[in-house]
Amino acid sequence: MPPLLSEFDVIVLGAGAAGMMCAFEAGRRGRRVLLLDHGERVGRKILISGGGRCNFTNLHTRAENFLSANPHFAKSALARFTPSDMIVLVEKHGIRYHEKTLGQLFCDDSAQRIVTLLERECGEAGVEIRCGVKVNTVRRESTLTDATKFIVETSAGDFTCESVVVATGGLSIPKMGATGFGYELAQQSGHSLVEPRAALVPLVFAPEDRERWCDLSGVSFEVVAHAAGSGKAKSRPQTAPEFREKLLITHRGVSGPAVLQVSSYWKPGEQVRFDLAPDREVLAPLLEKNARREAASLVSALRTVLPSRMAERWVAAQPSPDWTNTGIARMEAELHAWTLTPAGTEGFAKAEVTVGGIDTAELDARTMESRRVPGLYFIGEVVDVTGWLGGYNFQWAWASAVSAGGAV
Ligand SMILES: Cc1cc2nc3c(=O)[nH]c(=O)nc-3n(C[C@H](O)[C@H](O)[C@H](O)COP(=O)(O)OP(=O)(O)OC[C@H]3O[C@@H](n4cnc5c(N)ncnc54)[C@H](O)[C@@H]3O)c2cc1C
């Protein structure tokens with residue numbers, strides 16, 4: 001008897017980057033795949049990514065570019081589907097791209113090209129896509145033949161399948177359809193969560209810092225940034241790397257790539273530290289014989305590394321400059337360690353990603369299958385693997401999707 005229309009081998013929940021990639025990988029293997037999304041169209045986050053040009057991978061992707069409670073978990077998937085594999089796919093579809101900086105590959109024209117690529121591949125692989133379908137619950141049922149089936153209850157009726165892939169993403173940008181559905185389903189299935197937090201997100205200053213700096217909103221300069229923990233040497237997160245990129249002062253705090261990167265490592269109450277003059281000894285001219293040791297000389301020395309307004313403000317923020325050699329050395333040290341305790345972040349509404357998610361300890365790193373519920377898979381951002389800014393999050397979405405797509 002031919003299968004009922006509502007019967008599939010695989011149902012993928014969430015038609016974002018990971019869900020679409022996984023659906024066509026499974027479809028290519030001859031699996032009957034249904035891809036469901038509650039939004040009106042597929043790939044909505046892809047369309048707004050990379051300023052509309054989708055930074056679809058990073059040439060230098062390594063496991064070190066990801067945050068996870070288990071830093072080794074991502075290695076197997078990242079090795080199975082590499083940035084070169086993504087480039088082959090992009091070139092197959094005639095999409096032109098360029099390297100912007102630091103290995104980041106962007107489409108030349110529009111992120112829509114990546115969505116079209118995914119839609120075409122799904123079409124060729126026979127994937128059935130249904131948008132505007134809300135998934136209510138997923139449950140398991142044993143059949144007469146002792147096989148276990150999943151029943152996916154949705155606003156468009158019930159569907160059955162052998163494998164369910166959860167690709168419902170994280171909590172960032174709720175207005176783009178983000179929900180906590182994946183986390184809830186995981187917890188119902190006995191999985192633990194690593195606390196989800198907003199990441200790649202602007203930081204917000206406490207009122208006194210806002211008053212001191214935020215009228216400089218729009219001023220930007222290069223820094224080396226790092227999440228400094230509570231400020232005590234031992235409390236600094238061991239894994240928090242330094243990022244040498246631009247910082248941007250906003251009307252509520254700081255943003256820019258350097259800040260977005262450290263935000264993923266920052267926790268409430270902790271400090272962030274910025275070297276405002278990386279690799280430079282800026283105040284050396286003030287130590288020279290006959291140098292004028294006064295505010296104007298300090299400002300002009302700082303202008304060699306900072307925009308004028310920031311240089312002036314930094315000097316104005318010095319309570320009473322000490323012009324001795326020791327005092328100048330102290331100011332130099334402070335310049336390389338501008339330390340702030342943000343009041344918070346701009347939250348999920350402005351975050352590019354969610355750090356944390358489904359604990360990888362209960363997933364098979366080669367297939368993304370749950371160790372608790374056979375046949376249940378988790379891929380993409382819903383999993384506790386979060387990339388740095390720069391194309392790493394899509395590379396994780398593609399790679400984890402290919403791992404699961406080859407196994408379902
Ligand atoms: C503004 C912005 C710019 C970004 N730019 C980049 C970039 O240039 N490069 C990069 O690598 N990363 C970028 N990212 C991050 C990247 O977009 C995500 O990491 C990636 O999209 C995650 O893919 P995903 O498939 O796991 O989840 P998503 O793309 O979020 O897809 C999840 C899908 O699940 C659907 N869904 C959710 N809940 C349900 C439910 N209950 N029922 C049915 N469907 C549901 C959603 O509608 C959505 O379509 C950016 C993110 C943002 C917000």
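The protein is annotated in an unreviewed UniProt entry as HI0933 family protein from Granulicella mallensis. Recorded in UniProt under Cofactor (unreviewed entry), the annotation for the protein is "FAD".

> Mind showing me how you'd approach the site of the ligand here?
Taken together, 38 residues surround the ligand, and among them G14, G16, G169, G177 and G380 come closest. The greatest single-element share of the shell around the ligand, amounting to four residues, is contributed by helix α13 (residues 392-405). Classifying every residue of the shell around the ligand by side-chain character gives 16 nonpolar, 16 polar and six charged.

> It is not clear to me how the domain arrangement of the protein should be interpreted in this structure. Could you clarify?
Often the size quoted for an interface is simply the accessible area lost on bringing the parts together. According to the domain assignment, the protein contains domain 1 (10-198 + 351-405) and domain 2 (218-345). Every contact between the two is made by seven residues of domain 1 and, on the other side, five residues of domain 2.

> Mind showing me how you'd approach the sheet that holds strand β17 (residues 271-275) here?
Across a sheet, strands are paired by hydrogen bonds formed along the backbone, either parallel or antiparallel in direction. Reading across from one edge, β18-β17-β14-β15-β16-β13-β19 is the order of the seven strands in this open sheet, with antiparallel pairing throughout. Where the open sheet ends on each side, the last strands, each with one partner, are β18 (338-340) and β19 (344-345). For strand β14 (residues 220-229) and strand β15 (residues 243-249), the ladder comprises six bridges, and the chain directions are antiparallel. Within the sheet, the bridge partner assigned to E222 lies in β15 and is K246.

About the cut-offs
Here the residue numbering is sequential within each chain, running from 1 through the sequence in written order. Per-residue local features of the predicted model are confined to residues with pLDDT of at least 70, and side-chain atom pairs are confined, for both listing and counting, to 80 or more; whole-chain, interface and lining totals are unaffected and use all residues. UniProt positions are given in the numbering used here, feature names are shortened, and annotations may be inferred rather than shown by experiment. Residues are counted as near a molecule or strand when the C-beta atom, derived from backbone positions, lies within 6 Å of that molecule or strand. Numbering of helices and strands runs from the N terminus, with a helix taken as a DSSP run of H or I at least four residues long and a strand as a DSSP run of E at least two residues long. Nonpolar residues are Ala, Val, Leu, Ile, Met, Phe, Trp, Tyr, Cys and Pro. Charged residues are Asp, Glu, Lys and Arg, and all others, Gly as well, are polar. All domain edges in this entry derive from an automatic or database-based domain assignment. By definition, residue pairs are in contact when their C-beta atoms, positioned from the backbone, come within 7 Å. Strand pairing is assigned whenever DSSP detects at least two bridges linking the two strands.

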